[in-house]
Amino acid sequence: MYATAAVMPGKGSLFELREVVLDEPRPDEVVVRVVASGICHTDLIVRDQWYPPEPPVVLGHEGAGVVERVGSDVASVRPGDRVAMSFAFCRGCRNCLLGRPAYCTDFFPRNFGGRRADGSATVRASDGSEINANFFGQSSFSTYVLAAEHTVVPLPNDLPLELAAPLGCGVQTGAGAVLNSLAPPAGGSIVVFGVGTVGLSAIMAADVAHCDPVIAVDLVPKRLALAAELGATHTFNGTTGGLAERIMEIAGGGIDFAVETTASPAVLRTAVDSLAFGGTCGVIGAAPIGTEVSLDMSALLFDRSVRGIVEGGSVPRLFIPRLIDLHRRGRFPFDRLIRTYPFEEINRAAEDSEKGVTVKPVVLM
Ligand SMILES: NC(=O)c1ccc[n+]([C@@H]2O[C@H](COP(=O)([O-])OP(=O)(O)OC[C@H]3O[C@@H](n4cnc5c(N)ncnc54)[C@H](O)[C@@H]3O)[C@@H](O)[C@H]2O)c1
Ligand SMILES: [Zn+2]
Ligand SMILES: [Zn+2]
């Protein structure tokens, strides 16, 4: 089956729309006609090869569309169903069995391996050569994709697909970090460092959880203004001097929860330095493998903790419907982050994200 995909031909290169050939669906796979795909910062760090898969590769991991075909064993969706796609997991390891698929011990090869788990390629160039794909089980920068059944999330008919797309990664990551992983009590204090898609989703979730105060930190004034509209009670430019002390003061002696989304070791240090006794810092920002950070060991003794969070600790088939419901009730207005672009303008969309012009670019196929 033919598709048009945005192929990344080399490290750091622009995306090029090319005709590609999809493999036949396996019994547990579906073919999805992609209608919309978000661009997440993680697509851009793979473009820059902080992480695999290597080029040539089809990226994209926030796809939403319509099921076109299903493999012989697929039972939970049918052709014509509208779905969002989310991350892949093995379903058999200890964490998957415990209902923690974001911590699947096979997470990295399944989502960053470029191939199916058995090593086979899902996408080929028109000359027959293999192209890395299967990114987060989908590679959604393509008009059609193959996805394993367990990675697709059925959607209600009235949700526009350009809204559904970013639920699969960025939005669920920020919201889930707060609502699933950190789970603050009402009145808990929280600071979010970096208010792009992930951070703003964390801010909206902190509002849902009745946190107070809710502090946003970023370098882009427009993003801070949006954070304030979406629930932040205080905002700071990241270059503010004595930032950790200012945050501690607002939170009455230290913050209960900090969320790091900038992938900067210096920012992580500030986040941990802002914590109250018993406070927790969630680490979401994806830094290059091997990046080190220095922390004050003695400060950690006072029941402070630092924990990594993947995909908001979500079970996508449970959490994405919950976010859609919160959105429908006006409590989680993540539509305000989105700006759409034609698929042909995917490079402009990525550039707008990096320049801070657009929070969540979504390309329309
Ligand atoms: N752990 C996960 O499961 C997971 C999932 C999705 C994304 N991510 C990662 O999360 C991070 C955020 O993703 P995103 O799509 O929201 O990215 P984004 O680029 O939209 O947002 C990052 C924000 O951080 C701000 N920032 C950068 N440096 C800063 C500093 N020194 N001080 C304050 N603010 C600063 C930027 O202005 C921007 O608004 C990325 O590293 C991405 O790769 C991780
Ligand atoms: Zn697993
Ligand atoms: Zn992502």
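Criteria and thresholds
Residues numbered from 1 in each chain as written. Chains lettered and ligands numbered in written order. Predicted model: local features only at pLDDT ≥ 70, side-chain atom pairs only at ≥ 80, totals over all residues. Heavy atoms only, no water. Near = heavy atom within 4 Å. Polar contact = N/O pair within 3.5 Å; in protein donor to acceptor, adjacent residues only side chain to side chain. Areas by Shrake-Rupley, 256 points an atom, 1.4 Å probe, with all protein chains shown as cover. Donors = N, O, S within 2.8 Å, 3.2 Å for Na, K, Ca; no water. Helix = DSSP H or I, 4+ residues; strand = E, 2+ residues; numbered from the N terminus. Buried < 20%, exposed > 50% of the residue type's maximum accessible area, 1.4 Å probe, protein only. Arc of directions from axis to C-beta. Contact = heavy atoms within 4.5 Å.

Asker: Any details on the site of ligand 1? Residues and values, ideally.
Answerer: Residues in close proximity to ligand 1 total 25 residues, the closest being T42, V198, D218, R223 and E311. The contact in question runs from an oxygen atom of ligand 1 to an N or O atom on the side chain of D218, over 2.6 Å. Within the backbone of A286, one N or O atom sits 3.0 Å away from an oxygen atom of ligand 1. Taken by itself ligand 1 offers 860 Å² of open surface, and the protein chains cover 85% of this.

Asker: Lay out the coordination of the zinc ion (ligand 2) with the relevant residues and their values.
Answerer: Bound to the zinc ion (ligand 2) are the protein donor atoms C90 (SG), C93 (SG), C96 (SG) and C104 (SG), situated 2.3 to 2.4 Å from the metal. Read from N- to C-terminus, the donor residues coordinating the zinc ion (ligand 2) fall into the pattern C-x2-C-x2-C-x7-C. Of the two residues, C90 sits in the loop between β6 (82–85) and α2 (94–97) while C104 sits in the loop between α2 and α3 (107–112), which places them 14 residues apart along the sequence. Given a relative accessible area of 21%, C90 falls into the partly exposed group.

Asker: Residue-level account of helix α8 (residues 243–250), with values.
Answerer: When we look at burial in α8, the residues that qualify are L243, A244, I247 and M248. In an axial view of α8, the angular spread of the buried residues amounts to 135 degrees, which keeps them on one side of the axis. Away from its buried face by more than 90 degrees, α8 exposes E245 and E249. In this structure, the buried side of α8 is in contact with β11 (190–193), β12 (214–218), β13 (234–237), β14 (255–260), α9 (265–273) and β15 (275–283).

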